[in-house]
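Remarks on the overall topology
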Amino acid sequence: MKSKITACFTELFATDPLVVFAPGRINLIGEHTDYQEGFVFPAAVHQGIWAGISKNGLEICRLYSLDFDQEFSFELDHLAPKKGHWATYVMGVCTLFKQTGYPVGGFDLVIGGNLPLGAGLSSSAALSVAVGMGISEVFGFAVPKKDLARYAQKAEQLFAGVNCGIMDPYASVFGQEGKAMLLDCRSQTHTYFPLVLGEYKLVLIHSKVSHSLAASAYNQRRAACEESVSILQVTYPELRSLRDLTPLDLPQVKSLLPAVLFPKAKHVISECSRVMEAAEALTRDDLVRVGQLLQASHQSLSQDFEVSCAELDFLAQEVTGMEGVLGARMMGGGFGGCLLGLVKASSWGFIQEKISVSYQKEFQLTPDFIEVAPGGGAQKI
Ligand code: GLA
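Residues numbered from 1 in each chain as written. Predicted model: local features only at pLDDT ≥ 70, side-chain atom pairs only at ≥ 80, totals over all residues. Heavy atoms only, no water.

**A few points about the packing of aromatic side chains**
A full pass over the atoms with the stated rule returns 15 aromatic pairs. Relative to Phe363, the ring of Phe314 has its centre 5.5 Å away and its plane inclined at 85 degrees; by these criteria the two rings are edge-to-face. Within this pair, whereas Phe314 is found in helix 10 (residues 310-319), its partner Phe363 is found in helix 11 (residues 348-363), the two being separated by 49 residues in sequence. A connected cluster of aromatic rings, assembled from ring pairs, spans Phe97, Tyr102, Phe139, Phe141 and Tyr151. (Phe/Tyr/Trp six-rings, centres within 6.5 Å; stacked < 30°, edge-to-face > 60°. Helix = DSSP H or I, 4+ residues; strand = E, 2+ residues; numbered from the N terminus.)

Here is the structure:
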């Protein structure tokens with residue numbers, strides 16, 4: 001991909017670019033907990049976004065997307081990121097750099113990638129991280145890595161309208177080959193865990209659906225959690241987020257929250273504890289327990305947090321109990337995208353055959369099967 005980006009860049013702009021790669025991410029467990037300062041357990045993957053970039057000495061930025069075969073240009077003095085266009089993230093990152101005081105000048109940029117679109121592997125976070133790192137490199141800003149993740153998060157919130165947490169860009173920035181990271185979203189610090197899976201592997205089954213209301217439903221879930229925190233603060237004045245509660249607090253939380261809010265809070269509280277348990281299980285090489293926690297996470301996301309959909313629930317149900325499957329759950333924001341499974345490598349072929357047939361029959365859709373392994377974080381290549 002690097003040579004493809006470089007060749008295209010040279011053809012368009014007659015010079016050699018600096019090339020940066022930023023990966024997508026998977027998340028082992030810990031869904032919809034990051035924006036409540038909770039725990040998540042993501043890993044970067046080998047697939048991602050490549051960006052070729054070079055200063056152009058102008059006041060405009062000229063962009064080209066290989067994947068969309070589209071050009072776009074904008075003036076740095078008239079940044080107007082608009083929802084729904086890939087260039088939004090580039091303009092969004094420029095806006096945030098400029099607001100912070102980095103004197104961004106004109107640049108040329110070619111981007112391309114190999115992340116399956118709509119699969120929930122965080123292509124937008126990878127794009128923003130790649131662009132941020134590329135700008136930082138060519139202008140010599142030496143932007144701290146955590147700030148790159150924060151600008152990417154802000155770009156998504158302000159310009160794409162998703163009030164997302166820090167997980168996706170953080171994983172893209174800090175990924176490490178062969179490792180997942182236990183990330184504490186309050187302190188924004190992480191610990192690496194080698195993912196030693198032996199005869200098992202992590203796989204994704206892409207449902208091929210993405211529901212159009214996903215962004216607003218995501219924001220509503222986040223708002224519901226924030227409302228629960230305000231109500232609970234009357235009784236627990238020191239409470240900052242749902243992350244401060246444990247499953248032992250659930251009876252009390254239930255008595256304080258309206259019936260419509262309680263299941264959402266319960267999900268976040270129980271999911272944080274599942275993340276910690278999964279980390280412990282991994283250190284004991286207890287993959288059976290990890291699989292059970294994945295199952296419990298899916299149930300909670302589907303029934304309590306209500307961010308699954310018929311297609312993902314069907315896939316989860318089909319896969320569960322199949323020979324060689326330790327556990328599976330919907331991954332990411334929900335309402336479509338992928339199911340993540342922990343499966344025996346020798347059973348994977350059979351599972352794909354079975355699922356292709358049953359999913360096609362039920363939804364007239366052909367699922368995609370994607371193999372993923374933990375890879376390194378964003379870097380100049
Ligand atoms: C999306 C968001 C993340 C996180 C997940 C759900 O991927 O971008 O911040 O909230 O959903 O865990």
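**Some thoughts on the domain arrangement of the chain**
If you check the domain split of the chain, you get domain 1 (2-194) and domain 2 (200-372). For domain 1 versus domain 2, the distance between C-alpha centres works out to 26 Å. Each partner contributes to the interface: domain 1 provides 35 residues, whereas domain 2 provides 44 residues. Between domain 1 and domain 2, a total of about 3300 Å² is buried, with carbon and sulfur atoms accounting for 64% of that surface. Per-residue buried area on domain 1 facing domain 2 is highest for Ile29, His32 and Gln36; these three make up 22% of the total on that side. Between domain 1 and domain 2 we count 4 salt bridges in total. Across the salt bridge formed by Asp184 and Arg243, the nearest N and O atoms sit 2.8 Å from each other. Remark: the boundary between domain 1 and domain 2 carries 22 residue pairs in polar contact (both at pLDDT 80 or more). (Domains from an automatic or database assignment. Contact = heavy atoms within 4.5 Å. Buried area = accessible area lost by both parts, 1.4 Å probe. Salt bridge = Lys/Arg side-chain N within 4 Å of Asp/Glu carboxyl O. Polar contact = N/O pair within 3.5 Å; in protein donor to acceptor, adjacent residues only side chain to side chain.)

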